[in-house]
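Observations on the model geometry
The residues making up each chain are set out below.
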Amino acid sequence: MDYKQLPNRVIMCIDMKSFFASVSCVIRRLDPLKTKLAVVGDTKRSGSIVLASTPLLKKEGIQTGCRHLDIPKRKDIYVVNPSMERYVKASNYISSLILQYVAPEDFHAYSIDELFIDATASLHLFARTPDELAHKIIHEIYQKTRLVATIGIGPNLLLAKISLDHEAKHNSAGVAYWRYEDIPFKLWSIHPMKNFWGISSATEKRLNRLGIYTIKELALSPKEMLKKEFGVLGEELHQHANGVDYSRISEIYIPRSRSFGKSQILFRNYTNRKEIELLLLELLDNICFRLRMHQVVAQTVHLYIGYSTQRGRGFSRQKKMVRASNLSQDISPYCLTILHTYDNGMPIRSIGISLSNTSIQQEEQMSLFEDSNQREKAYALAKTIDEIRLRYGKNSLLRASSSLDYSTVRYRNSLMGGHKA
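In this text the structure is predicted, and so the values were computed from the model without any measurement.

Read across the sheet, five strands follow the order β5-β6-β1-β7-β8 without closing on themselves; strand pairing throughout is mixed. Only two strands of the sheet have a single partner each, and these edge strands are β5 (107–111) and β8 (175–177). On average, each strand axis in the sheet is inclined to that of its neighbour by 15°, with strand direction left out of account. Lying over the sheet, helix α5 (residues 130–145) contacts β1 (11–16), β6 (114–118), β7 (149–154) and β8, oriented at roughly 160° with respect to β7.

Okay, here's the thing in structure tokens:
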């Protein structure tokens, strides 16, 4: 591999250490590095999942995904609800700090607590070396937020991300810089293969069947063999194993079609299908609202039903509608058709709807067999409801059925990102 011909930029992957837990500590005037704190989905529910924990608590085995009941009941351990609104504000403020160092087109928010920057063009304005700039950014974030950041640096997005995950997060400096010459010693030593970014357990097993057991063996394998087994993904695996990544932050990807979806894990097992029909309609109202906000319509509806873990896995099916729409009254019958066709009557614990095959909403041709005035009134009503909810909040105007005991829409509308705001 002739690395001299490849992009050699200054890419940084910046990650906020134990972000949710750290922000929750700072809110309470606690030091995230000296405090044992866990953020759980709901402190009143013993089965709630741990969303984040501070480094000290992680050392005691309380990791993301543990249950609330797994946390020892001790005075030195704080267990708190999430504060999503504060997390979002903290994330936005940190982004504003980072944007002092790069142009907006060289900035990409990967998630609420992780982002990429391309400092190639602006490095000389702030530091002599990439390492110096990384430490400067970490220092400023800490001084202004009391939150700890770690940074991986590389000549491309891939190496920046992997250097963060496999070195920067684990050393005292919080910074790691992987260059192309480090690939044989650092990149190829990652083991097992599923720990490599982009390789799942299933992909690792398929590679094992080809006689490939290490990242080095993957990098030195014939590209044609990988393409035959994995298609386009095979070529990507080969490039990544060699530390090659041609993607650029400044190159904006515009998808040809978007999908809009929402899912929900229910508080209990639901056996009454009339109750499930209402919950699905409430989910659909939320998704259709988002469609209208983006001025698009969808033509394919996808329904997911998850049964209680003791009774079965559930099903996932989709159906194409006769015409695209963003009205719940048009899409709901298709959801119910899927439900009643594939449902086996077992207790339901999770539901999800996704609307895809989207396109820009335009003037539609009316059918001779329907009342065009009635359809115009339906769109006008939907628009009025949207305006009321935008002005006064999601719970300002609800269906009458949402006042029933088993409705969940009021509670879900109080959440942000699926958690307490």
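Partitioning the protein chain into domains gives domain 1 (14–177), domain 2 (187–242) and domain 3 (260–381). The gap between the C-alpha centroids of domain 1 and domain 3 is 37 Å.

The subject of this paragraph is the pattern of salt bridges. Taken as a whole and judged by the stated rule, the model has 19 salt bridges. Residues glutamate 60 and lysine 36 are paired through a salt bridge, measuring 2.6 Å at the closest nitrogen-oxygen approach. Of the two residues, glutamate 60 sits in the loop between α2 (55–58) and β4 (77–80) while lysine 36 sits in strand β2 (residues 36–40), which places them 24 residues apart along the sequence. The salt bridge involving aspartate 285 is made with arginine 399; its shortest N-O contact spans 2.6 Å. Here aspartate 285 is found in helix α11 (residues 273–293), whereas its partner arginine 399 is found in the loop between α13 (372–392) and α14 (409–413), with 114 residues between them in sequence.

Moving on, we come to the UniProt feature "domain: UmuC" (unreviewed entry) in the protein chain. Under the UniProt annotation, "domain: UmuC" (unreviewed entry) lies at residues 11–200. Spanning residues 11–200, this segment combines 31% helix with 20% strand, and its end C-alpha atoms are found 25 Å apart.

What follows concerns helix α7 (residues 201–209). For α7, the complete set of buried residues consists of Thr203, Glu204 and Leu207. What you see down the axis of α7 is that its buried residues fit within an arc of 100°, all on one side. The exposed set on the far side of α7, more than 90 degrees from its buried face, consists of Lys205 and Arg209. Buried residues along α7 sit against α8 (215–220), α9 (223–230) and α10 (232–241). Taken from the residues just after α7, glycine 211 is the one with a positive phi, measuring 85°.

Glancing now at the packing of α7 against α9. It is at 12 Å that the axes of α7 and α9 come closest, and there the two elements cross at 125°. What the angle tells us is that α7 and α9 run oblique. Relative to α9, the crossing made by α7 is right-handed. In this structure, α7 uses Thr203, Arg206 and Leu207 to contact α9, whose residues at the interface are Leu226, Glu229 and Phe230. Counted by class, the contact of α7 with α9 contains three nonpolar, one polar and two charged residues.

A separate point is the pairing of β7. The element β7 is extensively covered by neighbouring structure, given that six of its six residues are classed as buried. Neither face of β7 is left uncovered, since the one carrying Ala149, Ile151 and Ile153 and the one carrying Thr150, Gly152 and Gly154 both have all their residues buried. Here β1 runs beside β7; their pairing, made up of six bridges, is antiparallel. Residue methionine 12 lies in a different strand from β7, and its bridge partner there is isoleucine 153. Taken together, β7, helix α6 (residues 157–166) and β8 form a β-α-β motif whose crossover is left-handed.

This part takes up the layout of surface pockets. Of the voids in this model, the second largest pocket is the one considered here, and its volume is about 440 Å³. In this structure, the second largest pocket is lined by 19 residues; those nearest its centre are His108, Leu157, Ser247, Arg248 and Ile249. Elements supplying a minimum of two residues to the lining of the second largest pocket: β5, α6 and α10. Looking at the lining of the second largest pocket, its residues break down into nine nonpolar, four polar and six charged.

Conventions we followed
Residues numbered from 1 in each chain as written. Predicted model: local features only at pLDDT ≥ 70, side-chain atom pairs only at ≥ 80, totals over all residues. Heavy atoms only, no water. Pairing = 2+ DSSP bridges. Helix = DSSP H or I, 4+ residues; strand = E, 2+ residues; numbered from the N terminus. Axes fitted to C-alpha atoms, helices over the stretch in contact; angles between N-to-C directions. Contact = heavy atoms within 4.5 Å. Domains from an automatic or database assignment. Salt bridge = Lys/Arg side-chain N within 4 Å of Asp/Glu carboxyl O. UniProt positions renumbered as here; feature names shortened; annotations may be inferred. Buried < 20%, exposed > 50% of the residue type's maximum accessible area, 1.4 Å probe, protein only. Arc of directions from axis to C-beta. Parallel < 35°, antiparallel > 145°, perpendicular 65-115°, else oblique. Left-handed = near helix turned anticlockwise from the far one by under 90°. Nonpolar A, V, L, I, M, F, W, Y, C, P; charged D, E, K, R; others polar. Right-handed = clockwise from strand over helix to strand, strands pointing away. 1 Å grid on protein atoms, 1.4 Å probe; cavity = no way out; pocket = protein on both sides within 12 Å on 5 of 7 lines; lining within 4 Å. Points joined across faces, edges and corners; volume = space filled by probe spheres on them.

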